[in-house]
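The residues making up each chain are set out below.
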Amino acid sequence: MSVFVPLASLAWQHYRPDVPEWPAREMARVHRWLFENFNAGGEQHGLLAWFLGAVLPSLLALVLIVVLGGVADLLAWAGEVLLLYLLFGFRRASFHAASTARTLLAGDLERARSTLLEWQPGLIAADRLEDLLRQTLEQTLKAALPTLFGVLFWYWLAGVAGALLYTLSHSCLVQWQGDTVFSRVAGRVVFWMDWLPARALAFSFAIVGNFQDATECWRGQAAAWPDDNDGVILAAGAGALGIQLGGSIDLGGGEVQRPELGMDEAPGSDSIDAAVALVWRALLLWLSVAGLLWLGSL
């Protein structure tokens, strides 16, 4: 388990936050092409497409890193740093969240809705300011898993192949989610790859936030959320921050009832910044634990 590769990637993102977006766009384009050309109506076709769009590129990346390592260890290390630099995406997510927070603070509801939709195009943005604030908070906490902690978890568990397989599987699910049969395999893979890191992240939120409230909300509320992994993260995150998420929201066509998560206090104008800070504190906790394990192995 390398601690220095993710540290180098995160430091690179700190000083060069403008991560190129074309790899993600090309990845999405390839997965849409697989959907259009392999979707013959059966679950097995989704399995084949997932293998071609996620497993095969991950294996090729592993081979490339091994070849680079055969030439020079420094080249393999640099290749891993570059890959994680491209896979880590929470800094971009936090930027979008902060932009939405500023527009909400200024009272520009339409601009805030537009900013949120630029970040999450498939989302139906709420019409009321307080609902939009809760939506932004929920998207911020949920984004921490696929754009940061899930990548880190699978990198430490299975190297670059694991980190890339995790991200590519998520991309497959996003591009294929309109077809429940074709996306079933990708959905199962994503669910189980998210299961353990989601709970590790929720526990980290409890440690770096309000431990008692986070764990009580996790135990008592998470199961009511439609998505099990999202429910764990949102319930623990809301409890750690001492705010309420979920609940009914007005989406224009009427109110949508959702389970309430967290505490009784409504989120305020500073809650989005607090949520981003909670994520970064959880990351410091993960890196600190990994560093101690590395020192213990010497």
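Refer to the preceding data block for the structure.
Read on for a plain summary of the structure. (Residues numbered from 1 in each chain as written. Predicted model: local features only at pLDDT ≥ 70, side-chain atom pairs only at ≥ 80, totals over all residues. Heavy atoms only, no water.)

### Points about the side chain of threonine 103
Consideration 1: Within the fold, threonine 103 resides in helix H5 (residues 90-105).
Consideration 2: When neighbours within four sequence positions are excluded, threonine 103 is seen to be in contact with Asp108, Arg111, Ala112 and Thr115. (Helix = DSSP H or I, 4+ residues; strand = E, 2+ residues; numbered from the N terminus. Contact = heavy atoms within 4.5 Å.)

### Digging into H5
Consideration 1: Counted at 1.5 Å a residue, the expected span for H5 with its 16 residues is 22 Å, and the 22 Å between its end C-alpha atoms agrees.
Consideration 2: Buried within H5 are the following residues: Phe90, Ala93, Ser94, His96, Ala97, Ala98, Ser99, Thr100, Ala101, Thr103 and Leu104.
Consideration 3: Against the buried residues of H5 lie helix H6 (109-119), helix H7 (129-176) and helix H11 (271-297).
Consideration 4: Residue glycine 107 follows H5 closely and has a positive phi angle near 80 degrees. (Expected span 1.5 Å × (residues − 1). Buried < 20%, exposed > 50% of the residue type's maximum accessible area, 1.4 Å probe, protein only.)

### Some points on a nonpolar patch on the surface
Consideration 1: A contiguous nonpolar surface patch, about 860 Å² in accessible area, is contributed by Phe4, Leu7, Leu74, Trp77, Leu292, Trp294, Leu295 and Leu298.
Consideration 2: Among the elements of the structure, helix H1 (4-15), helix H4 (73-87) and H11 are those that each provide at least two residues to the nonpolar patch.
Consideration 3: Note that leucine 295 resides in helix H11.
Consideration 4: Note on leucine 295: relative accessible area 49%, which makes it partly exposed. (Patch = residues over 30% accessible without salt bridge, like charges linked within 9 Å, V, L, I, M, F, W, Y side chains within 5 Å. Areas by Shrake-Rupley, 256 points an atom, 1.4 Å probe, with all protein chains shown as cover. Salt bridge = Lys/Arg side-chain N within 4 Å of Asp/Glu carboxyl O.)

### Some remarks on the environment of arginine 281
Consideration 1: Looking at the secondary structure, you find arginine 281 in helix H11.
Consideration 2: Taking the C-alpha atoms as reference, arginine 281 lies 8.6 Å from serine 204; in sequence the two are 77 residues apart.
Consideration 3: Setting aside chain neighbours within four positions, we find arginine 281 in contact with Val208 and Gly209.

### So, the packing of aromatic side chains
Consideration 1: Counted by the stated rule, this structure contains ten aromatic pairs.
Consideration 2: Ring geometry for phenylalanine 153 against tryptophan 154: centres 5.5 Å apart, planes inclined by 75 degrees, an arrangement best described as edge-to-face.
Consideration 3: For phenylalanine 153, a relative accessible area of 16% translates into the label buried.
Consideration 4: With 5.0 Å between their ring centres and 85 degrees between their planes, phenylalanine 191 and tryptophan 192 make a pair best called edge-to-face.
Consideration 5: The structure contains a cluster of three or more aromatic residues connected by ring pairs, namely Phe35, Trp176 and Phe182. (Phe/Tyr/Trp six-rings, centres within 6.5 Å; stacked < 30°, edge-to-face > 60°.)

### Structural notes on the pattern of salt bridges
Consideration 1: Inspection of every chain in the model, using the stated rule, returns 14 salt bridges.
Consideration 2: Salt bridges sharing partners connect three or more residues here, namely Arg128, Glu130, Asp131, Arg134 and Glu255.

### Some thoughts on the nonpolar core
Consideration 1: If you look at the biggest cluster of nonpolar residues, it comprises 83 residues, and the most contacted ones within it are Trp50, Leu141, Phe149 and Phe205.
Consideration 2: With 23 residues, H7 is the largest single contributor of residues to this core.
Consideration 3: Not counting residues up to four positions away in its chain, the partners in contact with leucine 141 are Phe205, Ile233, Leu234, Gly237, Ala238, Leu245, Ala275, Leu278 and Val279. (Core = buried A, V, L, I, M, F, W, Y, C linked by side-chain atoms within 4.5 Å.)

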